[in-house]
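Per-entry structural report
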Amino acid sequence: MTINAMLITASQQTVTQWAGGETWQLAIAPAGATVAARDFHWRFSTATVLQSGPFTTFDGYNRYLAIRSGAGLDLAVTASGAPQQLIQLTSPQHQACFAGSALTSAKLLDGPVCDINLMLSVGLQGGLRALQLFAQQPFTLNSLANASWLLFADGLPAGQQIQVQSGSQHWLLAAGDVLVLPEASCILSATVDCALVAAWIAARP
């Protein structure tokens, strides 16, 4: 799996409607792949969930889901040949992982939520991490074995930026931007307290 460093600004991301709200596609690989064609290796997205209801199934993929804002939701996940699994997500620190082929429905706990979603083909593994940055306190995000990072600046006040430095390279992330960073550690710093999501992706051994 080859991933190149790339900054994807908020203005470059696509927004689509689904039965329960809106989805922002933050990043997808390979370039040109689409959800409709089911020809992507991985997809990173965020969505509003405005009402309770079923999720779309994605055979051949695993899904990682976390809440970014709102009271949370209850997931009912039924995979083939397995008892129903109930998962409650109420915090950015909570992450659900389930097969895309499973019959999955969500029940809102107390009003709409915004979630973050990572979908990986079965040959990949990964996960989500909620990070908190504090003003003038650099944070080191260490590399994982053969894993690449996707950094989403979703909790950044307008007009502010997060600086990302990896070796001799550096980038500035504005609100809503995503940085794809292949197999490297990096140092994150900001002038204000803010939050972001870090997703990691690696080939399964």
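Residues numbered from 1 in each chain as written. Predicted model: local features only at pLDDT ≥ 70, side-chain atom pairs only at ≥ 80, totals over all residues. Heavy atoms only, no water.

Attention now goes to the side chain of Gln-25. You can see Gln-25 is positioned in strand E3 (residues 21-29). Engagement of the side chain of Gln-25 in a polar contact is seen with the side chain of Arg-43, the distance being 2.9 Å. Discounting chain neighbours no more than four positions away, the residues touching Gln-25 are Gln-13, Thr-14, Val-35, Arg-43, Phe-44 and Ser-45. (Helix = DSSP H or I, 4+ residues; strand = E, 2+ residues; numbered from the N terminus. Polar contact = N/O pair within 3.5 Å; in protein donor to acceptor, adjacent residues only side chain to side chain. Contact = heavy atoms within 4.5 Å.)

Paired through backbone hydrogen bonds, the strands of a sheet run either parallel or antiparallel to each other. Pairing is antiparallel across the open sheet formed by six strands, whose spatial order is E2-E3-E4-E11-E6-E9. In the strand order of this sheet, the two ends are held by strand E2 (14-18) and strand E9 (96-99), each with one partner. Averaged over all pairs of adjacent strands, the angle between strand axes in this sheet comes to 25 degrees, irrespective of strand direction. As judged from the eight bridges shared by strand E6 (residues 61-69) and strand E11 (residues 113-121), these two strands associate in the antiparallel manner. Within E11, the residue paired with Ser-69 across the bridge is Cys-114. (Pairing = 2+ DSSP bridges. Axes fitted to C-alpha atoms, helices over the stretch in contact; angles between N-to-C directions.)

In this section: the sheet that holds strand E10 (residues 103-108). In spatial order, the strands read E5-E10-E7-E8; together these four strands make up an open sheet with antiparallel pairing. What marks the edges here is a single partner per strand, and that holds for strand E5 (53-54) and strand E8 (85-89).

Ranked by internal contacts, the top residues of the largest apolar core, which has 21 residues, are Trp-42, Phe-44, Ile-116, Leu-118, Leu-128 and Leu-150. Of all the secondary structure elements, the ones that give two or more residues to this core are E3, strand E4 (42-49), E6, E11, strand E12 (124-133), strand E14 (147-155), strand E17 (178-181) and strand E19 (194-203). Those residues in contact with Ile-116 that lie beyond four places of it in its chain are Leu-26, Phe-44, Ser-45, Thr-46, Tyr-64, Leu-65, Ala-66, Arg-68, Leu-128, Phe-152 and Val-197. Grouped together as the second largest cluster of nonpolar side chains are 20 residues, Leu-131, Leu-156, Trp-171 and Cys-194 included. (Core = buried A, V, L, I, M, F, W, Y, C linked by side-chain atoms within 4.5 Å. Buried < 20%, exposed > 50% of the residue type's maximum accessible area, 1.4 Å probe, protein only.)

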